[in-house]
Amino acid sequence: MHMPVHAFRDGASVMKKHWKLVGLGVGVLLAAEIYKKYNRKRRIQQRKDEVKKSCARLRQQLQNDGINEAKSKVITDLSITQLQSKLQNGELKAIDVLRAYQYKALEVNDKTNCIVEPIKEAEVWARELDNQTGPKGPLHGIPISIKECYSIKGYFVTAGMSYFLDKVVDDDAVLVKVVKAAGGVPFVRTNIPQTMMTFECSNPLYGNTTNPHDSTRSPGGSSGGEGALIGGGGSILGIGGDIGGSIRIPSHMCGIVGLKPTVQRLSLNGSLALNSGQTHVKPSGGPMANSVDGVVLAMKVLLDDTLFTLDPFVPPLKFNTKVYESKKPLRIGYYTDDGIITPVPACVRAVHEAKQALEKLGHTMVPFSPPDVHAAVARYTRTVLAERGDIAAGLLAGDEIDPSYKLMYHTYQTLPNILRMFFGLLMKTQDRLAGEVVSQRRIWFMLDWWDLHDEITAYKSKFIQHWRDMNLDAVISPGLACPALPSFKSIRVSTVLSYTALWNLLNFPAGSVPVSKVTENDQKQLNDTEVYPAKKYFERKLKEFCQDGVGLPVNVQCIALPYQEEVVLRLMKEIETNTK
Ligand SMILES: CCCCCCCC/C=C\CCCCCCCCCCCCCC(=O)NCCO
């Protein structure tokens, strides 16, 4: 078709105008993006400065009040039972206990960077308790540390992401309210890893937390700040959260006690969850402490009418003291290897020591093999990574990706599918599960999601049948396949998660209790190929990361059927009392 020349000229000028508009649009978008990034960086810096100032203020306050190492130690050396009784009978004041723990917490923080910030209102709360007349609550004056993801009115809840620095939260989480109603004094907020979906403890806002027993190692995560703080002696009781091991892994790596209850035995209302729409495997909130007594006290106090009223979806099951204190001999399964990754010798030895101790107490110990752990863990990762980290990635836009999260982020977010499949195939030659996890598909369709639910339900039934066939009351297992790992290395041995994540998939309560410390002989055995052949790639990596680990804590895990936290705690107490 013929077009007159002027038509071309007009067309060209219109195009030119359009290009100008497009250019302008792109420029505005780019400028907005640059501004957003700049603004986020500025906010992060501002946050870092606020935190530094708030620690400096507290330090000054403690100095003004004449608190020193010796004064603090007199109080922080008390067991939770002694502390509770001295606070109840008025021998100790809440403010003095708070000051002692603030001092110690800052000291541990200097070594490990475990605190996000002190809670400034703690002093007011402690003084109010000291002035209070009438009956005292069971946690009266006991300082409690709180994982960063739990809301505390007036504070930022971020999971290590600057996206959440826009506004502070306007109410306390349910567990924080229950703690306060019982007279507890929330006094510090503790660090977490970026997104909370790793078992490290590092993020660009608050930095990396290190292990109190070895500063080159991680405390584990995601409740790693709690692990490091309690493990270092800077808190006696804290609250964590767990969807794959986040209470139990730091407990194991820092040598403290932690309980992951059945989902919803305690409330998680008011705690940050990035993927709360993921319904198949849910997180649990639970206590972490320096003793089983601490965890038991927390469970007794939390499982109360205040909790049942604040969150009516929590089944009104009070702590069953009869079950906890029962002396009836139990039939307990034990295993040291789940077939996914062989634990290092120290972790195997800990299970044997716990088994012997329980046997001496009259329990019957029987070898147990959890059925089909491979399929279970593959389903677990398909579930928790169903959207392959899209939600976190959306919130992270503009933030630096933390080294602890990088490999997972890039595997699922930036690697083109074809390369990921190739990487997965390559991985499969080394480790079948890891290869499957790397190449697993995003769940797009509702029917796939429902099928996955049915598969998990079927697995639960099969597992419970196996448990019943063996007539078990409980099971003990390694706390994890390795003690504390060097910082930022956990993703390279992430199959170790099979020891903890299995119980999240099944929704069984599981607790972690210290049994021993890595010895020279454990290390010798680790390097003896007859004892630890390290045939799999991840086992070779474990062996590498576990060198020079003498003295690191080693826990075991205790597990029971859903809603039988009291059985778990009973075993933990018996192990704590009869090992080491
Ligand atoms: C479990 C087997 C994993 C094998 C992965 C092989 C490693 C290949 C490298 C990169 C791919 C990354 C795959 C990462 C898999 C781990 C996924 C689950 C992480 C869940 C951690 C949960 C921590 C937690 O409990 N958070 C509490 C939140 O409230």
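What you see is a predicted model, and the numbers here were worked out from it, not measured in a lab.

A short note on the overall build of the protein chain
Here's step 1: Each helix and strand counted, the protein chain has 22 helices and 13 strands in total.
Here's step 2: By the compact-globule yardstick of 25 Å for 580 residues, the protein chain fits well, its C-alpha radius of gyration being 26 Å.
Here's step 3: Counting only C-alpha atoms, the protein chain reaches 100 × 60 × 45 Å along its principal axes.
Here's step 4: Counting over 580 residues, the protein chain shows a buried share of 49%.
Here's step 5: If you take every contact in the protein chain between residues at least 6 apart in sequence, the share linking residues at least 24 apart comes to 80%.

Let's talk about helix H4 (residues 94–112)
Here's step 1: Spanning 19 residues, H4 covers 26 Å between terminal C-alpha atoms, matching the ideal 27 Å at 1.5 Å per step.
Here's step 2: Positive phi appears at Asn113, one or two residues downstream of H4, with a value of about 55 degrees.

Quick look at the UniProt feature "active site" (unreviewed entry) in the protein chain
Here's step 1: According to UniProt, the positions carrying the feature "active site" (unreviewed entry) are Lys147, Ser222 and Ser246. Spanning 100 residues, the named residues form one tight spatial group whose C-alpha atoms are at most 10.8 Å apart.
Here's step 2: Assignment of secondary structure puts Lys147 in strand S2 (residues 143–147).
Here's step 3: Among the residues examined, Ser246 registers 34 C-beta atoms within 10 Å and is labelled buried.

With respect to the packing of helix H16 (residues 417–428) against helix H17 (residues 432–439)
Here's step 1: Closest axis-to-axis distance for the H16/H17 pair is 7 Å, and the angle between their directions is 175 degrees. Classified by the interaxial angle, the pair formed by H16 and H17 is roughly antiparallel. Across the interface between the two elements, Arg420, Met421, Phe423, Gly424, Leu425, Met427 and Lys428 of H16 pack against Arg432, Ala434, Gly435, Val438 and Ser439 of H17.
Here's step 2: Taken together, the residues that form the contact of H16 with H17 break down as 6 nonpolar, 3 polar and 3 charged.

A few points about the UniProt feature "domain: Amidase" (unreviewed entry) in the protein chain
Here's step 1: UniProt records the feature "domain: Amidase" (unreviewed entry) at residues 96–569, using the numbering of this structure.
Here's step 2: Between the end C-alpha atoms of residues 96–569 there is a gap of 30 Å, over a span that is 40% helix and 13% strand.

Side note on the environment of Ser202
Here's step 1: Mapped onto the fold, Ser202 is located in strand S4 (residues 202–203).
Here's step 2: Judged by the 25 C-beta atoms lying within 10 Å of it, Ser202 falls in the buried class.
Here's step 3: Linking Ser202 and Glu91, residues 111 residues apart in sequence, is a C-alpha distance of 40 Å.
Here's step 4: Apart from the residues lying within four places of it in its own chain, the contact partners of Ser202 are Pro193, Gly207, Asn208, Thr209, Asp402, Pro403 and Ser404.

Overview of helix H12 (residues 345–360)
Here's step 1: Here H12 is 16 residues long and its end C-alpha atoms lie 23 Å apart, about the 22 Å a rise of 1.5 Å per residue gives.
Here's step 2: Among the residues of H12, those classed as buried are Pro345, Ala346, Cys347, Val348, Arg349, Ala350, Val351, Ala354 and Leu358.

A closer look at unusual backbone geometry
Here's step 1: Residue Ser222 is reached from Gly221 by a cis peptide bond, and omega for that bond is 10 degrees.
Here's step 2: Locating Ser222 in the fold gives a position in the loop between strand S5 (207–208) and helix H7 (224–231).
Here's step 3: For Asn113, which is not a glycine, the phi torsion comes out positive at approximately 55 degrees.
Here's step 4: The exposure class of Asn113 is buried, given the 20 C-beta atoms found within 10 Å.
Here's step 5: Even without a glycine there, the phi angle at Met196 is positive, about 65 degrees.
Here's step 6: Residue position: Met196 is located in the loop between strand S3 (185–190) and S4.

Basis of the calculations
Residues numbered from 1 in each chain as written. Predicted model: local features only at pLDDT ≥ 70, side-chain atom pairs only at ≥ 80, totals over all residues. Helix = DSSP H or I, 4+ residues; strand = E, 2+ residues; numbered from the N terminus. Rg over C-alpha atoms; globule rule 2.2 N^0.38 Å. Buried ≥ 20, exposed ≤ 12 C-beta atoms within 10 Å, placed from the backbone. Contact = placed C-beta atoms within 7 Å. Expected span 1.5 Å × (residues − 1). UniProt positions renumbered as here; feature names shortened; annotations may be inferred. Axes fitted to C-alpha atoms, helices over the stretch in contact; angles between N-to-C directions. Parallel < 35°, antiparallel > 145°, perpendicular 65-115°, else oblique. Nonpolar A, V, L, I, M, F, W, Y, C, P; charged D, E, K, R; others polar.

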